[in-house]
Amino acid sequence: VSSLSNVYFILVRSGIFGILIAQEDSKVVGVLSYKNKNKKYSTKLLLTLVIYSINGFFKNPIVWIIETNYKIGLYKNVNSKINIVTLFVSEQFQKKLVGKTLLERVKNEFKTNITVDTRVKNAAALDFYKKNNFKEIARNSKNVVLKYN
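Treat the numbers as computed from the prediction; the structure is a model and nothing was measured.

(A) Spatial organisation of the environment of Val144. Assignment of secondary structure puts Val144 in strand E6 (residues 143–148). Taking the C-alpha atoms as reference, Val144 lies 24 Å from Leu11; in sequence the two are 133 residues apart. Sequence-distant contacts of Val144, that is, excluding residues within four places in its chain, are made with Leu74, Val116, Asp117, Thr118, Val120, Leu126, Glu136, Ala138 and Arg139.

Take a look at the structure:
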């Protein structure tokens with residue numbers, strides 16, 4: 001089990017991350033994960049996450065530093081209560097409303113103040129979020145943040 005898997009497990013178990021799953025015939029065809037920014041981290045949880053993060057840092061320090069720098073700068077003045085972390089749909093189920101349905105579930109539960117980021121070059125994702133009433137609010141050379149109010 002990887003460090004990243006452990007981090008996700010801990011974040012989900014603590015209620016900081018939520019996961020929505022779309023299934024077809026008992027097969028997972030889509031997943032949306034989100035971070036609930038209203039949840040507070042306990043000291044024990046923070047220490048556990050730091051330990052796993054240090055491991056990830058030493059495995060890929062350059063990637064870690066670059067990605068962290070881009071994200072911190074990108075989200076510097078962005079306020080949201082929910083941040084969509086991942087949205088995956090199996091290729092054979094794309095364009096079949098699976099992603100839209102997962103996104104609608106988040107919008108219905110949390111109503112407003114939802115953010116997501118994606119790569120500047122990911123035109124399909126940018127188009128998808130904009131069609132679902134997300135507006136671009138921040139951008140750097142690598143990523144774009146969109147927000148649903």
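(B) Focus on the pairing of E6. Burial of E6 is extensive: six of the six residues sit out of reach of the surface. Alternating residues of E6 divide into Asn143, Val145 and Lys147 and Val144, Leu146 and Tyr148, and every residue in both groups is buried. Pairing of strand E4 (residues 114–119) with E6, which is carried by six bridges, proceeds in the antiparallel orientation. Looking across to E6, one finds that Asp117 is bridged to Val145. Turn length for the strand E5 (residues 135–139)-E6 hairpin, with the two strands adjacent in sequence and antiparallel, is three residues.

(C) Geometry of helix H1 (residues 3–13). Turning to H1, its buried residues are Ser3, Val7, Ile10 and Leu11. Down the axis of H1, the sector holding all buried residues measures 95°, keeping them to one side. Exposed residues on H1 whose side chains face more than 90 degrees from its buried face are Phe9 and Arg13. Buried residues along H1 sit against strand E1 (17–24) and helix H2 (43–59).

(D) Structural detail: the packing of aromatic side chains. This structure, assessed with the given rule, holds seven aromatic pairs. Ring geometry for Tyr34 and Phe110: centres 5.3 Å apart, planes at 65°, overall edge-to-face. Taken together, the residues Tyr34 in strand E2 (residues 27–36) and Phe110 in helix H4 (residues 98–110) connect sequence positions 76 residues apart. Taken individually, Tyr34 and Phe110 each receive the classification buried, so the pair is uniform in this respect. Judged by centre distance (5.5 Å) and plane angle (75°), the rings of Phe57 and Phe58 are edge-to-face. Taking relative accessible area as the criterion, Phe57 reaches 27% and is therefore assigned partly exposed.

(E) Inspection of the pairing of E4 at higher detail. Among the six residues of E4, five are classified as buried, and the element is accordingly described as predominantly covered. Strand direction decides the pairing type here: strand E3 (residues 82–89) and E4, joined by three bridges, are parallel. In the strand pairing of E4, Ile84 is matched with Val116. Taken together, E3, H4 and E4 form a β-α-β motif whose crossover is right-handed.

(F) Seen up close, the nonpolar core. Of all hydrophobic cores here, the largest spans 23 residues; its most connected members are Leu32, Ile84, Val106, Ile114, Tyr129 and Phe134. Put simply, the parts of the chain that give this core at least two residues each are E1, E2, E3, H4, E4, helix H5 (123–131) and E6. Ranked by the residues each element gives to this core, the list is headed by H4, at five residues. Formed by seven residues, the second largest nonpolar core is a distinct cluster that contains Leu11, Phe17, Leu45 and Leu49.

Quick notes on the rules
Residues numbered from 1 in each chain as written. Predicted model: local features only at pLDDT ≥ 70, side-chain atom pairs only at ≥ 80, totals over all residues. Heavy atoms only, no water. Helix = DSSP H or I, 4+ residues; strand = E, 2+ residues; numbered from the N terminus. Contact = heavy atoms within 4.5 Å. Buried < 20%, exposed > 50% of the residue type's maximum accessible area, 1.4 Å probe, protein only. Pairing = 2+ DSSP bridges. Arc of directions from axis to C-beta. Phe/Tyr/Trp six-rings, centres within 6.5 Å; stacked < 30°, edge-to-face > 60°. Right-handed = clockwise from strand over helix to strand, strands pointing away. Core = buried A, V, L, I, M, F, W, Y, C linked by side-chain atoms within 4.5 Å.

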